[in-house]
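Examining the three-dimensional arrangement
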Amino acid sequence: MFPGALNSEYSHELKFVSSVESIQTYQVMDSNGSVLDPAHEPQVSKEEAKAMYRNMLTLNAMDQILYEAQRQGRISFYMTSFGEEALIGSAAALNPKDLVFGQYREAGVLLQRGFTLEQFMNQCFSNERDLGKGRQMPIHYGTKELCFQTISSPLATQIPQAAGAAYGMRRDGNKLCTICYFGEGAASEGDFHAGLNMAATLGCPVIFYCRNNGYAISTPSIEQYRGDGIASRGIGYGIDTIRVDGNDVWAIFAATKAARKIAVEQNKPVLIEAMTYRVSHHSTSDDSSAYRSKKEVEDWSKRDNPISRMRNWMENKGWWMKGEDAEITKSAKTRVLEAFAAAERLKKPAIHHLFDEVYAELPPELQREKADIEALARKYPDYYQVNEFARS
Amino acid sequence: MLRHCVLALTRGNMRRACPGVVSAGVRRYSTATDSSSSSNNNNSNNIEPIRGLPMGVSNSQLLHRTVAAVQRSSNLKTLGLSEHETQKMNMCQAINDAMRIVLATDETAVVFGEDVAFGGVFRCTVGLADEFGRERVFNTPLTEQGIAGFGIGLASMGQTAVAEIQFADYVFPAFDQIVNEAAKFRYRSGGEFNAGRLTIRTPCSAVGHGGHYHSQSPEAFFAHVPGLRVVMPRSPIQAKGLLLAAIRDQNPVVFFEPKILYRSAVEQVPVGDYTIPLSQAEILKPGDNVTVVGYGAQIYALENAIQMIERDFPGVSCELIDLQTILPYDAEAVARSVNKTGRLVVAHEAPRTQGFAAELAAEIQERCFLRLESPIERVCGLFVPHPLVFERFYMPCAVRTYEAIKRSLTF
């Protein structure tokens, strides 16, 4: 047998293959939140489930307020997670020290990890408490403490990085893994191919989690790929793969838990393709009615809503009362608005943060530029609106 | 020699690796030590303007070939290296030695890239997989963007990642990861994360027969990126010390290794663990009348050009500076020298337009405008893809540099 395909048998049939059966989509709940197979009833405590649900509502409230804030010109940019709140299930299934590499629509993961509303706001307002020190656009969150790598705009770059970090975790031997989120559009990038292939050949404990929400800005999936979604590619790389209902919190939770076990115990990658629908516009720079009907969005929202399904499941278990939603949503809105107001009032980071951390230490050319700019800012403080920035 | 070449001819094999000798009108392709041309470098050079001057790396007086030379060297003394135990090493072996020291002293260190496990296409990683195991010295699939991204991920975990890109000509798929990710990792995260433990090493520059895709010197692309360090050594002692410094540097480093020097540059190299400072230029030869700046293999062409100038202009002395680190570079050292000499010639193999010499010229004219006695000369590769048969015209060889220094002196 050839070294390149050791298990291939000969055939006398001249036949081209382009696909096998479409990979099935794992589901735990139906659209009404009833568990389809009692054997797959989620094993979680009431507290855990309620906390997850509260986070889904908080995410929703925060998204609504910050989207509006951008529209009013109070922050420069925002991206919402409407329709994709079930993602929180994947974060709940992980160890808090598992390292997260995100793309840009994973605020739910951060929330589940414990990122505070204040921290979200500080980053979006680029104020002096932003962990990123005001250097990047809103939603480019990152926190070492919560093991969530800082978001960057280039798509799919995080994929081979996640493989490398996972290799490092394997060497550390602390039974942790990496999870890497990306969309079905980003999966067209070369870095997707590079990252998955390297993870597979080198044995990296990384969960590759594809949020297939049907759109990459205006490009629907039928224009993004011709094969059977992203899941079919995992098989091409020799990677254990599953497709799940991405609006089903418990399917996501169960799949991520199982994926983590494989990754950590066998030191190899796993691919999860979570099928969902992007109710949001791509971002505040996008009006999706330019390429899809409002009716399509409304229909999806009504037919398959991750928040409703979760709520129904909790009501079926007697863990949630009708009307508790309104209370939680109201209190979430209040907390968001408080954090918002506080963040908006704070000053921008001190100007020296413009020059720090380009390198580990300040090189001569940056020392000169810093001196020049500081002198210029002193000379024209009103032009540069220097008093918006914290003092050094 | 002639008979050997004729024999080779009759076997129809025109590409034997022997020093270029023109015999019976047939060119032999050389793995020439004279990086400035594929012409021969032996004593049949009684042609203008060389007139018998011994040329190239194999004749260079800049290499410390003997223990005595190491002990005599004031620069090595300043670095505290002149009394160390040494061993004869070529640049490839010196680089191998640096990696061996890193793997032996840093538990987290790993070396990876295409074909590194068996020793690498240039043998820089020979013996490392055997000594440290395949978990630490390993092959990757054929993907530069993957290698760079993987290295960034590892480095972000605080582990030492030494990545190899097989030829600098193939670094471009990794450009996004290097420029958009590695270089910005610390800054964009507000210092929460960084990719400082990443070093990307890659063979670069002309080799005599490399053509478009085995000869490039792409340092200028990277010299434009805030957050990166870019280094290019000229010799075995420098390569080992600079590589050790680069790997331990807290910034991501792109480390260019002039491949022509792997075997041809040989020195007595200190056997222990030592570093040479980054972002610090080195004055290889003091002089009063003109400052000549370069890096990498070009240093040997500059050495010869200076010898020809000092032979033809008695009383004139040229100051030769090796930049060593191209980003952030030691502008202060060059400015200090030009304030003394009043004249500057910069040379590099990379094409002239938008090459690194343009940056240096702009910076020095700003700092030394009133001191300059003549326009700053740039002697560089031509603005063409690195050609094969025309390489001798393309390269900023000793002769072209000699003419430029002359122009500067006689302006």
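Worth saying up front: this structure is predicted, and the values here are computed from it rather than measured. (Residues numbered from 1 in each chain as written. Chains lettered and ligands numbered in written order. Predicted model: local features only at pLDDT ≥ 70, side-chain atom pairs only at ≥ 80, totals over all residues. Heavy atoms only, no water.)

On to helix α4 (residues 91-105) of chain B. Residue and element names in this part refer to chain B. In this model α4 runs 21 Å from its N-terminal to its C-terminal C-alpha over 15 residues, within 8% of the 21 Å that 1.5 Å per residue would give. Along α4, 11 of the 15 residues are buried, which leaves the element largely enclosed by surrounding structure. Among the residues of α4, Met91, Cys92, Ala94, Ile95, Asn96, Asp97, Ala98, Met99, Ile101, Val102 and Leu103 are the ones counted as buried. Between a side-chain oxygen at the N-terminus of α4 and the backbone nitrogen of Cys92 the separation is 3.2 Å; the capping residue is Asn90. (Helix = DSSP H or I, 4+ residues; strand = E, 2+ residues; numbered from the N terminus. Expected span 1.5 Å × (residues − 1). Buried < 20%, exposed > 50% of the residue type's maximum accessible area, 1.4 Å probe, protein only. Polar contact = N/O pair within 3.5 Å; in protein donor to acceptor, adjacent residues only side chain to side chain.)

To continue, consider the interface of chain B and chain A. At the junction of the two partners, chain B supplies 49 residues and chain A supplies 47 residues. For the pairing of chain B and chain A, the buried interface totals around 3700 Å² over both sides, and the portion due to carbon and sulfur atoms is 56%. The largest contributions to the chain B side of the interface with chain A come from Phe150(B), Tyr187(B) and Arg188(B), which together make up 20% of the buried area. Linking chain B to chain A there are 3 salt bridges. In this structure, Glu363(B) engages Arg368(A) in a salt bridge whose closest nitrogen and oxygen atoms are separated by 3.7 Å. Where chain B touches chain A, the interface holds 24 residue pairs in polar contact (both at pLDDT 80 or more). When residues of the side of chain B that touches chain A are traced back to their parent elements, those giving at least two are β3 (137-139), α6 (144-156), α7 (175-182), α8 (185-188) and α14 (356-368) of chain B. (Contact = heavy atoms within 4.5 Å. Buried area = accessible area lost by both parts, 1.4 Å probe. Salt bridge = Lys/Arg side-chain N within 4 Å of Asp/Glu carboxyl O.)

Turning our eyes to something else, we now look at the sheet that holds strand β12 (residues 325-327) of chain B. Backbone hydrogen bonds hold the strands of a sheet together, and the pairing may be parallel or antiparallel. Residue and element names in this part refer to chain B. Strand order in the open sheet made by the 7 strands is β3-β2-β4-β5-β7-β6-β12, with mixed pairing throughout. Both edges of this open sheet fall to β3 and β12, since each of them pairs with a single strand only. Each strand axis lies, on average, 20° off the axis of its neighbour in the sheet, ignoring direction. As paired elements, strand β6 (residues 229-231) and β12 share 2 bridges and run antiparallel to each other. Paired with Val230 across the strands is Leu327, a residue of β12. (Pairing = 2+ DSSP bridges. Axes fitted to C-alpha atoms, helices over the stretch in contact; angles between N-to-C directions.)

Mapped onto the fold, Gln149(A) is located in the loop between α4 (117-124) and α5 (158-172). Exposure remark for Gln149(A): the relative accessible area of 3% places this residue in the buried category. With sequence-adjacent residues up to four places away left out, Gln149(A) is seen in contact with Leu99(A), Val100(A), Phe101(A), Tyr141(A), Gly142(A), Ser156(B), Phe185(B) and Phe193(B).

Right, let's talk about the packing of aromatic side chains for a bit. Residues and elements named next belong to chain B. For the structure on display, the rule yields 29 aromatic pairs over all chains. Judged by centre distance (5.4 Å) and plane angle (80°), the ring pair of Phe172 and Phe221 falls under edge-to-face. Of this pair, Phe172 sits in the loop between β4 (161-164) and α7 while Phe221 sits in helix α9 (residues 219-222), and the two are 49 residues apart along the sequence. Members of the aromatic cluster, each reached through a chain of ring pairs, are Phe172, Phe175, Phe221, Phe222 and Phe256. (Phe/Tyr/Trp six-rings, centres within 6.5 Å; stacked < 30°, edge-to-face > 60°.)

On to empty space enclosed by the protein. Using the criterion set out here, one finds 8 cavities of 30 Å³ or more in the structure. What the largest cavity holds in volume is close to 90 Å³. Gln123(A), Asp130(A), Gly132(A), His140(A) and Gly142(A) are, among the 14 residues lining the largest cavity, the residues nearest its centre. Taken together, the residues of the lining of the largest cavity sort by class into 3 nonpolar, 8 polar and 3 charged. Reported here for the second largest cavity is a volume of approximately 80 Å³. What lines the second largest cavity is simply Phe101(A), Gly102(A), Gln149(A), Thr150(A), Ile151(A), Ser152(A), Thr157(A), Gln158(A), Gln161(A), Glu181(B), Phe185(B) and Arg188(B). Taken together, the elements giving at least two residues each to the lining of the second largest cavity come down to α5 of chain A together with α8 of chain B. For the lining of the second largest cavity, the residue count by class is 3 nonpolar, 7 polar and 2 charged. (1 Å grid on protein atoms, 1.4 Å probe; cavity = no way out; pocket = protein on both sides within 12 Å on 5 of 7 lines; lining within 4 Å. Points joined across faces, edges and corners; volume = space filled by probe spheres on them. Nonpolar A, V, L, I, M, F, W, Y, C, P; charged D, E, K, R; others polar.)

As a further point, take the pattern of salt bridges. All names here are of chain B. Here the structure, examined in full by the defined rule, presents 43 salt bridges over all chains. Across the salt bridge formed by Arg234 and Glu282, the nearest N and O atoms sit 3.2 Å from each other. One end of the pair, Arg234, is in the loop between β6 and α10 (236-248); the other, Glu282, is in strand β9 (residues 282-285), and 48 residues separate them in sequence. The two residues Arg234 and Glu282 agree in class, both being buried. A salt bridge links Glu310 to Lys285; the nearest nitrogen and oxygen atoms lie 2.7 Å apart.

In this structure, Phe182(A) and Phe150(B) are the most contacted members of the largest nonpolar core, which totals 90 residues. Ranked by residues supplied to this core, first place goes to α5(A) with 7 residues. Apart from the residues lying within four places of it in its own chain, the contact partners of Phe150(B) are Pro160(A), Gln161(A), Ala163(A), Gly164(A), Tyr167(A), Met198(A), Leu202(A), Cys204(A), Phe112(B) and Phe138(B). The next biggest cluster of nonpolar side chains, apart from the first, holds 71 residues, and it includes Leu111(A), Met121(A), Val244(A) and Val264(A). (Core = buried A, V, L, I, M, F, W, Y, C linked by side-chain atoms within 4.5 Å.)

Residue and element names in this part refer to chain B. By the secondary structure assignment, Pro226 is in the loop between α9 and β6. Classification of Pro226 as exposed rests on a relative accessible area of 54%. In the structure, Pro226 is positioned 47 residues away from Val179 in sequence and 8.6 Å away in space, judged by C-alpha atoms.

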